[in-house]
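The lines below spell out each chain.
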Amino acid sequence: MAEKFYITTAIDYVNGRPHLGHAYEKVLTDMLARYERRKGKGVFFLTGVDEHGMKVQQSAAAQNREPQDLADENAARFRALYDELDVGYDDFVRTTEDRHKQVVQRILQELFDKGEIYEGQYEGFYSAKQEQFLTDDDKVDGEWPADFGEVVHLQEKVYYFKLSQYQDWLVGFLNENPDWIYPSFRTKEVLGKLDQPIPDMCISRPSSRLSWGIPLPFDKDQVTFVWFDALINYISVIGYEGGQVGDWWPAVHVIGKDIMAPAHAVYWPIMLKAIGVPMPQRLLVHGFWTMDQAKMSKSEGNVVDPLELVEVYGRDAFRYYVLREMALGQDADFSLDQFHQRYQSELGNNLGNLLNRTVSMIGRYRDGAVPQQVNGSELETAMKADVLASISKYRELMDQWQVHLALTELWKGITRTNQYIEEAAPWKLAKDEARAERLDCVLNHMATALWMLGSELQPILPDSVERIFAQLHLDQPLDHAVELNWPQWESTASVGKPEPLYPRIEREES
């Protein structure tokens, strides 16, 4: 039976609209899921939307609409974007679905019955915008930061989860598993926050103030705090019952740094510990996108619409740029000029040109029939070694989550193959009938290198690889699971007509 690999994204809050950060996270996760599938693993890829909470209730009321209506509309927007980006998720969860709500209520009841949840009173300050209670420590120079929006004073009955009693356990777990969060410097950040005592987690709101949520099973006048509700999606979809989860668990969670702590690195592991579920396999924490080193915002007019880029350049170009540009775990600066440059140079002039030259020359010099491999010279020996080395290094870096560096290595193989074509000069060999066997050798090595490199590109550029393989008359990529080797073509192998992979796009330089 194939090894199982479960990977999830954050579920996106339906109060907003999709943006570059959402698109990047889903493309990244999709690429990792496809990569693991290529390795022969059984993969389950979960994404979805978070639909409850005060912000959705308030936004719907402001528009004189029902919260569910607003959630339906924006959930469709997120789903449409991910479909447009060829994000091949296996399931799309919505927290308003019964399958999710039932598991949330089941867990709440279990924790309440075990004495892990207790009734209390809250008095203090509350930010509806951030849906969190505040303390004076949240103030900056004596004032509430603008990010909190309107801050009000509240006194109300709520329920608490005994988060604090697990603090020592969590500190010990993180110290024993410093690489559980990637990159590992994020673990130090979380441990820094755990230097001070953490309060118990308020897990409910009075339904008189917040009606848009999952009712507590033991108090129908209270609804579940949106974070407690949302985090459970990771196990509600795969099945949970009495401390047992479906056999896909544990998961790799791909999230942004803004929801790492306390949500995913404090609340979630403690929630799992309390119900007896093993820890997730890993938290992969990515950074933010900026533009000109400034935070993207509508008010600043520097927001990137992924769909506009896809319309002009195609979705594979978008996928390539965001995966190539951002070092997983760090922030990255988005540049339209750099996007265009990578499209023209790395995709068009390098990969696209390699395909065009290979298919065109086999068509012109051998009537489209791929020559059988014959003994090569030192030129072929060196080229093969370099291409195999680039693929090997690419895989090594991908297994270490260093995606941007992995792509750099793979492109070395593409560049090296183009360099080989220049050195071998098949257009010169074609003029001399006495060198026909040598020409066969070169054409075979061109096609074989493209076959191998294209196979590795499938998780990153699924559309492009499909078109590459269509022109090479190949059914599917090479199997990643077999030993990395130089494959043999069938005696009947042929190529089709050359078609531009990345048509040239003219753009005024900014």
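Rules and cut-offs
- Residues numbered from 1 in each chain as written.
- Predicted model: local features only at pLDDT ≥ 70, side-chain atom pairs only at ≥ 80, totals over all residues.
- Heavy atoms only, no water.
- Helix = DSSP H or I, 4+ residues; strand = E, 2+ residues; numbered from the N terminus.
- Buried < 20%, exposed > 50% of the residue type's maximum accessible area, 1.4 Å probe, protein only.
- Contact = heavy atoms within 4.5 Å.
- 1 Å grid on protein atoms, 1.4 Å probe; cavity = no way out; pocket = protein on both sides within 12 Å on 5 of 7 lines; lining within 4 Å.
- Points joined across faces, edges and corners; volume = space filled by probe spheres on them.
- Nonpolar A, V, L, I, M, F, W, Y, C, P; charged D, E, K, R; others polar.
- Polar contact = N/O pair within 3.5 Å; in protein donor to acceptor, adjacent residues only side chain to side chain.
- Pairing = 2+ DSSP bridges.
- Axes fitted to C-alpha atoms, helices over the stretch in contact; angles between N-to-C directions.
- Parallel < 35°, antiparallel > 145°, perpendicular 65-115°, else oblique.
- Salt bridge = Lys/Arg side-chain N within 4 Å of Asp/Glu carboxyl O.
- Core = buried A, V, L, I, M, F, W, Y, C linked by side-chain atoms within 4.5 Å.

## Re the overall build of the protein chain
Next up, step 1: Along the backbone of the protein chain there are 17 helices and 19 strands.
Next up, step 2: For the protein chain, the spread of C-alpha atoms along the principal axes amounts to about 90 × 50 × 40 Å.
Next up, step 3: The buried share of the protein chain, taken over its 510 residues, is 55%.
Next up, step 4: Expressed as a percentage of contacts within the protein chain between residues at least 6 apart in sequence, the contacts between residues at least 24 apart total 77%.

## Quick notes on the layout of surface pockets
Next up, step 1: Its volume calculated, the second largest pocket comes out at about 220 Å³.
Next up, step 2: Forming the walls of the second largest pocket are 15 residues, and the residues nearest its centre are Val 304, Asp 305, Glu 308, Leu 309 and Leu 336.
Next up, step 3: If you list the elements that add at least two residues to the lining of the second largest pocket, you get helix 10 (306-313) and helix 12 (336-366).
Next up, step 4: Sorting elements by how many residues they give to the lining of the second largest pocket places helix 10 first, with five residues.
Next up, step 5: Broken down by class, the residue content of the lining of the second largest pocket amounts to eight nonpolar, three polar and four charged.

## Observations concerning helix 11 (residues 315-325)
Next up, step 1: The buried fraction of helix 11 is high, at nine of eleven residues.
Next up, step 2: Every buried residue of helix 11 is accounted for by Asp 316, Ala 317, Phe 318, Arg 319, Tyr 320, Tyr 321, Val 322, Leu 323 and Arg 324.

## Details of the side chain of Asp 12
Next up, step 1: Note that Asp 12 resides in strand 2 (residues 12-13).
Next up, step 2: Reaching out from Asp 12, the side chain makes a polar contact with the side chain of Lys 26 at a distance of 2.9 Å.
Next up, step 3: Excluding residues within four positions of it along the chain, Asp 12 makes contact with His 22, Lys 26, Gly 48, Val 49, Asp 50, Phe 78 and Tyr 82.

## Topic: the sheet that holds strand 10 (residues 204-206)
Next up, step 1: Strand order in this open sheet of three strands is 10-12-11, and the pairing throughout is antiparallel. Of all the strands in the sheet, just strand 10 and strand 11 (215-216) have a single pairing partner and so form its edges.
Next up, step 2: The pairing of strand 10 with strand 12 (residues 219-224) spans three bridges and is classified as antiparallel. Residue pairing in the sheet places Ser 204 in a bridge with Thr 224 of strand 12.

## Regarding the packing of helix 10 against helix 11
In helix packing, the relevant descriptors are the interaxial angle and the interaxial distance, both defined with respect to the helix axes.
Next up, step 1: Running from N to C, helix 10 and helix 11 point in directions that differ by 120°, and their axes come no closer than 7 Å. The angle between helix 10 and helix 11 falls in the class oblique. Each of Pro 306, Leu 309, Val 310 and Tyr 313 in helix 10 lies in contact with helix 11, whose residues at this interface are Arg 315, Ala 317 and Phe 318.
Next up, step 2: Each residue belonging to the contact of helix 10 with helix 11 can be placed in one class, and the counts come to six nonpolar, no polar and one charged.

## Overview of the pairing of strand 12
Next up, step 1: Sheet topology places strand 11 next to strand 12; two bridges connect them, and they run antiparallel. Directly across from Leu 216, in strand 12, lies its bridge partner Asp 219.
Next up, step 2: Hairpin connection from strand 11 to strand 12: two residues lie between these consecutive antiparallel strands.

## Quick notes on the sheet that holds strand 6 (residues 132-134)
Next up, step 1: Here four strands make up an open sheet; going across it, the order is 6-5-7-9 and the pairing antiparallel. Since the sheet does not close on itself, it has two edges, and those belong to strand 6 and strand 9 (201-202), each with one partner.
Next up, step 2: In terms of strand pairing, strand 5 (residues 117-127) meets strand 7 (residues 151-161) through eleven bridges, oriented antiparallel. For Gly 124, the partnering residue across the bridge sits in strand 7 and is Leu 154.

## Structural notes on the pattern of salt bridges
Next up, step 1: Applying the stated criterion across every chain yields a total of 39 salt bridges.
Next up, step 2: We note a salt bridge from Lys 157 to Asp 219, for which the minimum N-O separation is 2.9 Å. Of this pair, Lys 157 sits in strand 7 while Asp 219 sits in strand 12, and the two are 62 residues apart along the sequence.
Next up, step 3: Using a relative accessible area of 10% as the deciding quantity, one classes Asp 219 as buried.

## Topic: the nonpolar core
Next up, step 1: If you look at the biggest cluster of nonpolar residues, it comprises 174 residues, and the most contacted ones within it are Phe 161, Trp 249, Trp 289, Phe 318, Phe 334 and Leu 351.
Next up, step 2: Setting aside chain neighbours within four positions, we find Phe 318 in contact with Leu 20, Ala 23, Val 27, Leu 85, Pro 306, Leu 309, Val 310 and Phe 339.

## Quick word on the environment of Phe 161
Next up, step 1: Checked against the element boundaries, Phe 161 lands in strand 7.
Next up, step 2: A residue is classified by how much of its surface remains accessible, and Phe 161, at 0% relative accessible area, is buried.
Next up, step 3: For Phe 161 and Glu 119, which are 42 residues apart along the polypeptide, the C-alpha to C-alpha distance reads 9.1 Å.
Next up, step 4: Phe 161 has contacts with Leu 111, Glu 116, Ile 117, Tyr 166, Asp 200, Met 201, Ile 203, Ile 270, Met 271 and Ala 274, leaving out every residue within four places of it along the chain.

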